[in-house]
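Chain residues, written in single-letter form:
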Amino acid sequence: MTAVRKVELLVCGDLLRGDDGVGAAVVRGIAPDVAEMASVRAVGQLMPDDLLSQAGPVIVVDAVHGPPPGELVDVDLAEVQHVADSIVPSSCHALPLPMVIGIARHLAPGPLEGRFIGVAGREWEIGSDLSPETAAGVGAAAVLVETWIRQFAAGSVVA
Amino acid sequence: MHESGEIDYSVRQLTRVEGEGRLTIQLRDGAVAEAHLEIFEAPRYFERLVVGRTGDEVVDIVARICGICPVAYQMSAVHAFERLFAVALDPEVRRLRRLFYCGEWIESHALHIYLLHAPDFLGYPSAVEMAADHPGLVERGLRIKRLGNRIVALIGGRAIHPVSVRVGGFSRAPRRAELDALREELATALEDALETVRWAASLPPPDYTREPRLVALRHPTEYPMNDGRIVSTDGLDLDPADWPDAFAEEQVSWSNALQARARDGVPYLLGPTSRVVLAGDTLHPTARAALEATGLGDELRTSVFRSIVARSVELVHALAEAADQVEAYREPDLPLAPWTPRAGIAAWATEAPRGLLYHRYQVGDDGTVEHAQIVPPTSQNQAAIEHDLTAFAPRVIDLPHDAATRQLEQLIRSYDPCISCATHFLDVRVEGR
């Protein structure tokens, strides 16, 4: 029989800092039937233990600096360190994202499975709303996250 | 190399510090002439953002200056307003604020000791490589940090940029049962912290000593966090609101952060080392015993690289005090005391994990801020860091660039600088030889 794996969706960012809150907007855009396959957790600062708290796959959603506002970034967690120079998560992390993932990979009992989904932002001011460019990327980001949730959820076969 | 015989030595991007900066060392005829910490992270204009805001709004805004030490910003601000408005706090609110601050010290110190500074002593480029060989060490640090975050979240509503602090107290005080749930974890973490002190004391520091001027708060009966007078190793004794009487900020051409110096121009050192030296007699007995067992009391004052021991002792203090505060807590009768705004100067200083944090607000008749000054510990430590770099660099400048960079960065990391706070930092460059 095929089991549905629970996927953990880790949402970074601060709703009160403009485009930094795009992760929450992306989660709100996920279809309810797909959202049911995932547990959603707002993590504030992503730390290695956030990636170790469950055995299943993890999707990290965050705003990023670098690409044009609204553009999506979709990277395997294992590959984040290779793109770290060009894509910088905007959220207030205590440690750089590649370090968080690198430490988690060493401490995890098995391979770390998951994706980093970023939405490029433009405005980071306290109290401002999402910029029009970043808001325009939310729908596509939600669809992308849905695709990965479905894929991860169906990715295990239990005898 | 310049025609003048000057050579620039540069670390282009400092790593394992909070924020972005660069180190440039200028050599003249083979000798180190100057060392500059170039803080190029953009100014953040928080002092302008709070103009026109009420005290409660300021407390929420300044929490966003830093994701590591938001409690410190909130505490300096809220105490400043409460003093001006003559607010009478419920004693249990005062207890909660110390517990809140303990939570921040625990998460910040654990992060720095285990994930930022330890790799220097063990010869790893970062905590990632260290985690491969020493997973238990990294797990211990993460475990302690998590508890600190949990305390901050429990009292502040969330771990990052807390939201419950209000002028007069808290918007919500936790229930007794919520704090009781921390007891077991606090006991385990205290054992972890005591092991941290023994481990940190065993780490060999590079050979470099000096006699810095140390500055910290000091309180007659409690280890300095929210309250106390500003004291120094050379006899200063000031009300915390009177920081400008002894210190001043100045703009330097190579940094987006203002630098603070004593009025006599001498750099000074803030942070765990200063607090342990100037207020060690008020450490929790468990922390004092842990410090005495290291036999490093005198060396802490003269070796900047021993700051990891001072920070570890404070980790013990924060956990032991947190356990005591949890034990003694009763839900406050008045979690939010009433107050009436008045015009005047609201000023106070508290002890952030990295050192003294001074806030001063000029408040108008309507209770809103007309002018603000926020002096974070990193901008106060910056001159001392440059002074130490100038003195230490000749010992390493002839090493291969990578080796020299590692030791210079280790020195800078000993201060646990937060560049993001100060812009309101490392890339290393050597210029001239």
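Residues numbered from 1 in each chain as written. Chains lettered and ligands numbered in written order. Predicted model: local features only at pLDDT ≥ 70, side-chain atom pairs only at ≥ 80, totals over all residues.

Trainee: Looking at this structure, how should I read the overall build of chain A?
Mentor: When helices and strands are counted, chain A shows five helices and eight strands. Taken from N to C terminus, the helices and strands of chain A fall in the order β-β-α-α-β-β-β-α-β-α-β-α-β. When the 159 residues of chain A are sorted by exposure, 45% land in the buried category. Within chain A, residue pairs in contact and separated by at least 24 positions form 81% of the contacts whose partners lie at least 6 positions apart. (Helix = DSSP H or I, 4+ residues; strand = E, 2+ residues; numbered from the N terminus. Buried ≥ 20, exposed ≤ 12 C-beta atoms within 10 Å, placed from the backbone. Contact = placed C-beta atoms within 7 Å.)

Trainee: It is not clear to me how the packing of helix 3 (residues 70-84) of chain B against helix 4 (residues 91-122) of chain B should be interpreted in this structure. Could you clarify?
Mentor: Each packed pair of helices is defined by two parameters, the angle between the axes and the distance between the axes. All names here are of chain B. Relative orientation of the contacting elements helix 3 and helix 4 amounts to 150 degrees, with a least axis distance of 9 Å. When the interaxial angle is binned, helix 3 and helix 4 end up roughly antiparallel. Handedness of the crossing formed by helix 3 with helix 4: left-handed. Contact residues: Val 71, Ala 72 and Met 75 in helix 3; Arg 97, Phe 100, Tyr 101 and Glu 104 in helix 4. Here the contact of helix 3 with helix 4 is built from residues that sort into five nonpolar, no polar and two charged. (Axes fitted to C-alpha atoms, helices over the stretch in contact; angles between N-to-C directions. Parallel < 35°, antiparallel > 145°, perpendicular 65-115°, else oblique. Left-handed = near helix turned anticlockwise from the far one by under 90°. Nonpolar A, V, L, I, M, F, W, Y, C, P; charged D, E, K, R; others polar.)

Trainee: Looking at this structure, I do not really get the interface of chain B and chain A. What am I missing?
Mentor: Buried accessible area, meaning the area lost when the parts come together, often serves as the stated size of an interface. Residue-level contacts link 21 residues of chain B with 15 residues of chain A. Listed by contribution, the elements that provide at least two residues to the side of chain B that touches chain A are helix 4, helix 5 (127-133) and helix 6 (135-156) of chain B. Top element by residues in the side of chain B that touches chain A is helix 6 of chain B. It accounts for five residues. Looking at side-chain class alone, the side of chain B that touches chain A contains 14 nonpolar, three polar and four charged residues.

Trainee: Sorry if this is basic, but what is going on with helix 4 of chain B here?
Mentor: Each full turn of the α-helix corresponds to 3.6 residues, which orients residues three or four apart in the same direction. Residues and elements named next belong to chain B. Between its first and last C-alpha, helix 4 extends 44 Å over 32 residues, near the 46 Å set by a 1.5 Å rise per residue. For helix 4, the principal kink sits at Leu 116 and spans about 35 degrees; a proline, Pro 119, occurs within the next four residues. Across the 32 residues that make up helix 4, a large majority, 26, are buried. A positive backbone phi angle near 80 degrees is found at Gly 123, which sits one or two residues after helix 4. (Expected span 1.5 Å × (residues − 1). Bend = angle between axes of the 7 residues up to and from the residue.)

Trainee: Help me out: how do you make sense of the nonpolar core in this one?
Mentor: In a soluble, globular protein the nonpolar side chains are often hidden away together inside. One finds Val 145 of chain A together with Val 62, Ile 106, Ile 151, Val 313, Val 316 and Leu 319 of chain B to be the most contacted residues of the largest nonpolar core, which totals 180 residues. Top element by residues in this core is helix 4 of chain B. It accounts for 15 residues. Excluding anything up to four places from it in sequence, Ile 106 of chain B contacts Ile 144, Leu 147, Gly 148, Ile 151, Leu 315, Ala 318 and Leu 319 of chain B. (Core = buried A, V, L, I, M, F, W, Y, C linked by C-beta atoms within 7 Å.)

Trainee: Help me understand the pairing of strand 13 (residues 369-375) of chain B, please; the structure alone is not making it clear to me.
Mentor: Note on strand geometry: in a regular strand, side chains alternate between the two faces of the sheet. Residue and element names in this part refer to chain B. In this sheet, strand 13 lies alongside strand 12 (residues 355-363) in antiparallel orientation, the contact comprising six bridges. Paired with His 359 across the two strands is Ile 374, which belongs to strand 13. In textbook terms, the turn of a hairpin is the stretch between consecutive antiparallel strands, and for strand 12 and strand 13 this stretch comprises five residues, one of which, Gly 367, has a positive phi near 85 degrees. (Pairing = 2+ DSSP bridges.)

Trainee: I tried to follow the sheet that holds strand 13 of chain B on my own but got confused; where do I start?
Mentor: Through backbone hydrogen bonds, the strands of a sheet pair up, either in parallel or in antiparallel fashion. All names here are of chain B. The antiparallel open sheet is built from three strands, whose spatial order is 11-12-13. The open sheet has two edge strands, strand 11 (344-352) and strand 13, and neither has a second partner. Between one strand and the next, the sheet's axes are offset by a mean angle of 10 degrees, whatever the strand orientation. Pairing of strand 11 with strand 12, which is carried by nine bridges, proceeds in the antiparallel orientation. Counterpart to Trp 348 in the pairing with strand 12 is His 359. Helix-sheet contacts for helix 3 involve strand 11 and strand 12, and the interaxial angle to strand 11 is about 145 degrees.

Trainee: Is there a simple way to think about the packing of helix 4 of chain B against helix 13 (residues 307-328) of chain B in this case?
Mentor: All names here are of chain B. Relative orientation of the contacting elements helix 4 and helix 13 amounts to 150 degrees, with a least axis distance of 8 Å. In terms of axis orientation, helix 4 runs roughly antiparallel to helix 13. Every pair of crossing elements has a handedness; the one defined by helix 4 and helix 13 is left-handed. On helix 13, the residues touching Arg 95, Arg 98, Leu 99, Cys 102, Trp 105, Ile 106, His 109, Ala 110, His 112, Ile 113 and His 117 of helix 4 are Ile 308, Arg 311, Ser 312, Glu 314, Leu 315, Ala 318, Leu 319, Glu 321, Ala 322, Gln 325, Val 326 and Ala 328. Considering only residue class, the contact of helix 4 with helix 13 consists of 13 nonpolar, five polar and five charged.

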